[in-house]
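# Coordinates in review
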Amino acid sequence: MVKIPKSHPRYWSLLYRERIIEGMERGITAKAGLIAHGRGEAFDYLIGEKTIPPAERAMKAAVAKILLAKHPVISVNGNVAALVPKETVELAKVLNAKLEINLFYRTEERVKRIAEVLYENGAREVLGINPTKLIPGLESERAKVDENGIWKADVVLVPLEDGDRTEALVRMGKFVITVDLNPLSRSARMADITIVDNIIRAYPRMIEIAKEFKTLGRSELEEIVSEYDNSKTLSDVLLHIRDRLTKLAEEGIWRRKKLD
Ligand code: ATP
Ligand code: MG
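Residues numbered from 1 in each chain as written. Chains lettered and ligands numbered in written order. Predicted model: local features only at pLDDT ≥ 70, side-chain atom pairs only at ≥ 80, totals over all residues. Heavy atoms only, no water.

## Some remarks on the overall build of the protein
The number of helices and strands found in the protein is 12 helices and seven strands. For 260 residues, the compact-globule formula gives about 18 Å, and the C-alpha radius of gyration of the protein, at 18 Å, lands near that figure. Dimensions along the principal axes, computed over C-alpha positions, put the protein at roughly 60 × 45 × 35 Å. Burial status across the protein gives 51% buried among its 260 residues. Long-range pairs, those at least 24 residues apart, make up 64% of the contacts in the protein with a sequence separation of at least 6. For the protein, the accessible area works out to roughly 13,000 Å², and carbon and sulfur atoms hold 53% of it. Here the protein carries 43 positive and 39 negative side-chain charges, and the mean point of each set is 3 Å from the other. (Helix = DSSP H or I, 4+ residues; strand = E, 2+ residues; numbered from the N terminus. Rg over C-alpha atoms; globule rule 2.2 N^0.38 Å. Buried < 20%, exposed > 50% of the residue type's maximum accessible area, 1.4 Å probe, protein only. Contact = heavy atoms within 4.5 Å. Areas by Shrake-Rupley, 256 points an atom, 1.4 Å probe, with all protein chains shown as cover. Lys, Arg positive; Asp, Glu negative; His and termini not counted. Charge placed at Lys NZ, Arg CZ, Asp CG, Glu CD.)

As structure tokens, this is what we get:
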């Protein structure tokens, strides 16, 4: 891995970019995953590379919904395994959710590599290694899911997911939660709860929220979920971007000031 000087003004961004590249070299991340990461980075620039209030609200609703679920499943793909393997395993543990490898570009080799990474990071069980069921409405390679995982899940967390597959899960009657930096993507618009944040910030924060919410009763959790409105969240994200860009334009970003 290339050594990135800590003094670099964009240290974090470069560090995670290296993780994605390393993930690809280790056979975890698909080539197309590099492009998806770049698209995410672009939206993160617009948002301001921090967790914004609508994302915080979506994370709270998501955690509450998963704590209330009967069979919650957290899906893992190649980008997620490269960026946040440890946090993924920890989040599944605190939420009592199952982990399932679920790949757009599925190859047995990549599935095996990702499973290894999850086990190395403390996973007790990893589903999706021998999927026997197919999500209706998708061609078979993209449709494979585990009978004991996504197939029977009531709530699924599918971060960095393709819009077509998100839609297919919604059609199956699943409650779908996604993490996606692009508020305009089909996934973002199809999901029941959309967390518009970088997964590298969202998962650590969701772990904190989960620990906090474990002390709440079902009716309190139900209230958090019922008060949540995903259309409003997506609108608020767009307004945040608009207002931030307006402010930057008015202040004059060409004056070499630090962005905030
Ligand atoms: P869609 O199919 O939903 O319209 P898409 O085809 O543009 O979206 P995909 O490659 O299918 O995108 O899905 C990846 C999504 O994940 C993109 O919207 C991208 O912005 C987002 N993304 C990439 N990296 C991150 C990250 N680190 N955190 C959160 N979201 C990310
Ligand atoms: Mg897509």
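After that view of the structure, there is still more to cover.
## Brief notes about the pairing of strand β1 (residues 72–76)
Most of β1 is tucked away, with five of its five residues classed as buried. Alternating positions in β1 separate into two faces, P72, I74 and V76 on one and V73 and S75 on the other, with burial throughout. Where β1 and strand β5 (residues 155–157) come together, three bridges link them in parallel fashion. Within β5, the residue paired with P72 across the bridge is V155. (Pairing = 2+ DSSP bridges.)

## What about a nonpolar patch on the surface?
A contiguous nonpolar patch, built from Y45, I253, W254 and L259 and spanning about 450 Å² of accessible area, is present on the exposed surface. Summarising the element assignment, L259 is placed in the segment after α12 (230–251). Residue classification places L259 among the partly exposed residues on the basis of a relative accessible area of 37%. (Patch = residues over 30% accessible without salt bridge, like charges linked within 9 Å, V, L, I, M, F, W, Y side chains within 5 Å. Salt bridge = Lys/Arg side-chain N within 4 Å of Asp/Glu carboxyl O.)

## Points about the packing of aromatic side chains
For the coordinates displayed, the defined rule picks out three aromatic pairs. Consider the rings of Y11 and W12, whose centres lie 5.2 Å apart with planes at 80°: the pair is edge-to-face. Classification of Y11 by relative accessible area gives buried; the value is 15%. Look at W12 and you get exposed, because its relative accessible area is 56%. The structure contains a cluster of three or more aromatic residues connected by ring pairs, namely Y11, W12 and Y16. It is K65 that lies over the ring of F175; its NZ or CZ is 4.3 Å from the centre. (Phe/Tyr/Trp six-rings, centres within 6.5 Å; stacked < 30°, edge-to-face > 60°. Lys NZ or Arg CZ within 6 Å of the ring centre and 35° of its normal.)

## Overview of the environment of S235
Structurally, S235 is set in helix α12. Among the residues examined, S235 registers a relative accessible area of 38% and is labelled partly exposed. Along the chain, S235 and P183 lie 52 residues apart, while their C-alpha atoms are 8.7 Å from each other.

## Quick notes on the site of ligand 1
The immediate surroundings of ligand 1 are formed by 18 residues, with R39, G163, D180, S187 and N198 found nearest. Note that an oxygen atom of ligand 1 is positioned 2.8 Å from one of the backbone N or O atoms of S187. Within the side chain of N198, one N or O atom sits 2.9 Å away from a nitrogen atom of ligand 1. Starting from 630 Å² of accessible surface for ligand 1 in isolation, the protein chains cover 85%. Elements represented by at least two residues in the shell around ligand 1 include exactly α2 (31–47) and α9 (186–190). Per-element accounting of the shell around ligand 1 gives the leading share, four residues, to α2. For the shell around ligand 1, the class distribution of residues is five nonpolar, seven polar and six charged. (Near = heavy atom within 4 Å. Polar contact = N/O pair within 3.5 Å; in protein donor to acceptor, adjacent residues only side chain to side chain. Nonpolar A, V, L, I, M, F, W, Y, C, P; charged D, E, K, R; others polar.)

## Quick notes on the pattern of salt bridges
According to the stated counting rule, one finds 21 salt bridges in the structure shown. Here E56 and R205 are joined by a salt bridge, their closest N and O atoms 2.7 Å apart. Taken together, the positions of E56 in helix α3 (residues 53–68) and R205 in helix α10 (residues 199–213) put the pair 149 residues apart, joining distant regions of the chain. Residue R106 is joined to E108 by a salt bridge in which the shortest nitrogen-to-oxygen separation is 3.3 Å. The exposure class assigned to R106 is buried, which follows from its relative accessible area of 11%. By relative accessible area, E108 is classed as partly exposed at 48%.

## Focus: the environment of E141
Within the element layout of this structure, E141 appears in helix α7 (residues 140–143). For E141, a relative accessible area of 38% gives the class partly exposed. Apart from residues no more than four positions distant in its own chain, E141 is found in contact with L103 and R106. At 3.0 Å, the side chain of E141 and the side chain of K144 are in polar contact.

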